[in-house]
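Understanding the architecture of this molecule
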Amino acid sequence: MLASQKDFNNAVSQVKLLKEDPGNEVKLKLYALYKQATEGPCNVPKPGMLDFINKTKWDAWNALGSLSKEAARQNYVDLVSRLSASSESPSPEAPAADRKQPESDSLVVTSEDGITTIRLNRPAKKNALTTQMYHDIIAALQAASKDESAITVLTGSGDYYCSGNDLTNFTHLPAGGLEEMARSAAALLRDFVNCFIDFPKPLVAVVNGPAVGISVTILGLFDVVYATDRASFHTPFSHLGQSPEGCSSYTFPKIMGSSKAAEMLLFGKKLTAQEACAQGLVTEVFPDGTFQKEVWARLKAYSKLPPNAMRISKQIIRNREKEKLHAVNAEESSVLRERWQSDECMNAIASFLSRKAKL
Ligand SMILES: CCCCCC/C=C/C(=O)SCCNC(=O)CCNC(=O)[C@H](O)C(C)(C)COP(=O)(O)OP(=O)(O)OC[C@H]1O[C@@H](n2cnc3c(N)ncnc32)[C@H](O)[C@@H]1OP(=O)(O)O
């Protein structure tokens, strides 16, 4: 028997009592089913391309096609009952006593053999960084700076290292609109990059595949960068109507000279792993077939070196630059805050989301 109107009304009230936020994807599904159950198939005009939120909602409702009101009601009730059950059951795994686990499974943090590894774990989205992941990486770096490990590693799961900022981060407009979104993204960017500037132990990037955007720019703040020969390094900021971050406007010219840096940061020239190594952004390139084995064997050996000596050596190498790097980070974040509110940037993001543009 299909759910009654009363079951549906109860489910609508129950949603408001959920203990955990079910996330945007589920909320969108709930919205679409609610509209279908109460109004039937989508019957309003499609919002404009730049009206991200209403367009996403419209797409979700429209995708339900001619599903009957009764079936939508039933699906809504079933979904709410699954959500209520899971928000009441205890979490399956207790977090490790000594480390606060990331909020989502898009980031996996492990410590073994004197190495703390922070792994980007969204392979289906090429490890694009969600807002939650920026927060989780900040927390992971803060914990790693105080834990027992000698070395900290950032790497990715799957065939990509990271495709940079998740472009849908810019579509979740808060109540304060675009201006507020740009303000809070700039503040988060600044905190995120500051953690890399201040990180006190050897920090190693294990670049397991192509890298884009902010995952490339922050490499100038790592101590060592190992890359597979499948990796590439791409900073398409002009294509996106944006400008450099991660202190790359300062570190890249220093590392590779101003004209090579300009070709990457102004014109979005994509470097192969070998080119990035020749220009000093990458420490060493390994054949893809033996990449993981060779890199981890080497890191395990390094992690047995006296940790305090490594910390102190890093301080001597990096400390005199810190003040400058913080100032560069502040300036880059503030310039980006303006860029994110520009038509150039909004149009580039809309093009990607409507699948017209790929890098
Ligand atoms: C707090 C805010 C701080 C912001 C700091 C500023 C940061 C700036 C940057 O990082 S700029 C760089 C932004 N990144 C991009 O522009 C990359 C966009 N992605 C692509 O061009 C391509 O996806 C690709 C070249 C990385 C890979 O192409 P391909 O191999 O053909 O795979 P798909 O395109 O099919 O990708 C699979 C799947 O992943 C989704 N995806 C990939 N990258 C992103 C991304 N950056 N943001 C959102 N989503 C991404 C893609 O849409 C596909 O999803 P689907 O399977 O269609 O659901």
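This structure is a prediction, so every number in the text was calculated from the model and none was measured. Sequence order as written defines the numbering, with residues in each chain counted from 1. Thresholds applied to this predicted model are a pLDDT of at least 70 for local features of residues and 80 or more for the giving and counting of side-chain atom pairs; totals over whole chains, interfaces and linings are not thresholded and use all residues. Derived side-chain values reflect all non-hydrogen atoms in the structure, with water molecules and hydrogen atoms excluded from consideration.

This brings us to the site of the ligand. Around the ligand sit 26 residues in total, of which Lys125, Ser163, Asn165, Leu167 and Arg355 are the nearest. Separating an oxygen atom of the ligand from a backbone N or O atom of Ile214 is a distance of 3.1 Å. The protein chains shown are the only cover counted for residues, whose accessible areas, like all others here, come from Shrake-Rupley with a 1.4 Å probe. Burial of the ligand by the protein chains amounts to 81% of its free accessible area of 1,100 Å². Counting from the N terminus, the helices are DSSP H or I runs at least four residues long and the strands are E runs at least two residues long. Per-element accounting of the shell around the ligand gives the leading share, three residues, to helix H6 (residues 177–198). Under the scheme applied, nonpolar residues are Ala, Val, Leu, Ile, Met, Phe, Trp, Tyr, Cys and Pro; charged residues are Asp, Glu, Lys and Arg; polar residues are all the others, including Gly. A breakdown of the residues in the shell around the ligand according to their chemical character gives 15 nonpolar, five polar and six charged. For each residue, the test is whether any non-hydrogen atom lies within 4 Å of the molecule or strand; if one does, the residue is near. Here a polar contact is taken to be a pair of N or O atoms separated by no more than 3.5 Å, where protein atoms must pair a possible hydrogen donor with a possible acceptor and residues adjacent in sequence count only if both atoms sit in side chains.

Here we come to the sheet that holds strand E3 (residues 151–156). In this scheme, strands are said to pair when DSSP sees at least two bridges between them. The sheet built from six strands is open, its strands ordered E1-E2-E3-E4-E6-E9 with mixed pairing. The strands lining the two open edges of the sheet, one partner per strand, are strand E1 (107–112) and strand E9 (284–286). Recorded for the sheet is a direction-independent mean angle of 20 degrees between the axes of neighbouring strands. Relative to strand E6 (residues 224–228), strand E4 (residues 203–207) runs parallel, the two being bridged by four bridges. Each bridged residue has a counterpart across the sheet, and for Val204 the counterpart in E6 is Val224. Here an angle of 0 to 180 degrees is reported between the N-to-C directions of two axes, which are lines fitted to C-alpha atoms, with helices fitted over the stretch in contact.

Another aspect to go through is the pairing of E6. Buried residues are those whose accessible area, probed at 1.4 Å on protein chains only, stays under 20% of the maximum for their type, while exposed residues exceed 50% and partly exposed ones sit between those limits. Where burial is concerned, most of E6 is hidden: four out of the five residues are buried. Where E6 lies against E9, three bridges are found, and the strand directions are parallel. Among the inter-strand pairings, Ala227 is bridged to a residue of E9, identified as Val285.

A few words now on the domain arrangement of the chain. The assigned domain composition of the chain is domain 1 (5–86) and domain 2 (107–357). For the domains described, the bounds stem from an automatic or database domain assignment. Once you take the C-alpha centre of each, domain 1 and domain 2 turn out to be 37 Å apart. Among the residues domain 1 hides against domain 2, the three largest losses belong to Met49, Phe52 and Ile53. Together they make up 73% of the total. Note on definitions: salt bridges are taken to be side-chain nitrogens of Lys or Arg within 4 Å of carboxyl oxygens of Asp or Glu. There are zero salt bridges connecting domain 1 and domain 2. One can count zero residue pairs in polar contact (both at pLDDT 80 or more) joining domain 1 with domain 2. Summed over both partners, the accessible area (1.4 Å probe) lost when two parts come together is defined as the buried area.

Our focus in this paragraph is empty space enclosed by the protein. Every definition here rests on a 1 Å grid over the protein atoms only: cavities are sets of points where a 1.4 Å probe fits but cannot get out, pockets are open sets enclosed by protein on both sides within 12 Å along at least five of seven lines, and lining residues have some atom within 4 Å of a point. Grid points are joined across faces, edges and corners, and a volume is the space filled by probe spheres set on the points. As enumerated under the stated definition, the model contains two cavities of 30 Å³ or more in all. Taken as a whole, the largest cavity holds about 50 Å³ of empty space. What lines the largest cavity is Leu120, Leu129, Ile137, Leu154, Tyr161, Cys162, Phe192, Ser215 and Ile218. When its residues are assigned to classes, the lining of the largest cavity shows eight nonpolar, one polar and no charged. Computed from the structure, the second largest cavity encloses a volume of approximately 40 Å³. For the second largest cavity, the full set of lining residues is Phe196, Ile197, Leu221, Lys314, Arg318, Lys322 and Leu325. At the level of elements, H6 and helix H12 (307–339) are the ones that each hand at least two residues to the lining of the second largest cavity. Looking at which element gives the most residues to the lining of the second largest cavity, the answer is H12, with four residues.

Along the polypeptide, Thr283 turns up in the loop between helix H10 (273–278) and E9. Residues Thr283 and Ala273, ten residues apart in the sequence, show an inter-C-alpha distance of 10.0 Å. The contact definition used throughout considers only heavy atoms, calling two residues in contact when any of these lie within 4.5 Å. Sequence-distant contacts of Thr283, that is, excluding residues within four places in its chain, are made with Val224, Val225, Tyr226 and Cys277. A distance of 2.7 Å separates a polar atom in the side chain of Thr283 from the backbone nitrogen of Val225.

Bringing the pairing of E3 into the picture now. Among the six residues that make up E3, six are buried, leaving the element largely enclosed by the rest of the structure. Both faces of E3 are covered, namely the face carrying Ile151, Val153 and Thr155 and the face carrying Thr152, Leu154 and Gly156. For a crossover, the right-handed case is the one in which the path from the first strand over the helix to the second runs clockwise, viewed with the strands pointing away from the viewer. In this view, the connection linking strand E2 (residues 115–120) to its parallel neighbour E3 by way of helix H5 (residues 131–146) has right-handed handedness. Between E3 and its parallel partner E4, the chain crosses via H6, and the hand of that crossover is right-handed.

The next thing to look at is the sheet that holds strand E5 (residues 211–212). Pairing is mixed in the open sheet, where three strands are placed in the order E5-E7-E8. Edge strands, defined here as strands with exactly one partner in the open sheet, are E5 and strand E8 (271–272).

Glancing now at the pattern of salt bridges. The final tally for this structure, using the stated rule, is 14 salt bridges. Lys201 is the salt-bridge partner of Asp147, the closest N and O atoms lying 2.9 Å from each other. Highlighted residues: Asp147 in the loop between H5 and E3 and Lys201 in the loop between H6 and E4, separated in sequence by 54 residues. Between Arg318 and Asp223 there is a salt bridge, with its nearest N and O atoms 3.3 Å apart. Here Arg318 is found in helix H12, whereas its partner Asp223 is found in the loop between helix H7 (214–217) and E6, with 95 residues between them in sequence. The class of Asp223 is partly exposed, set by a relative accessible area of 29%. Three or more residues joined by partner-sharing salt bridges are found here, namely Asp223, Lys314 and Arg318.

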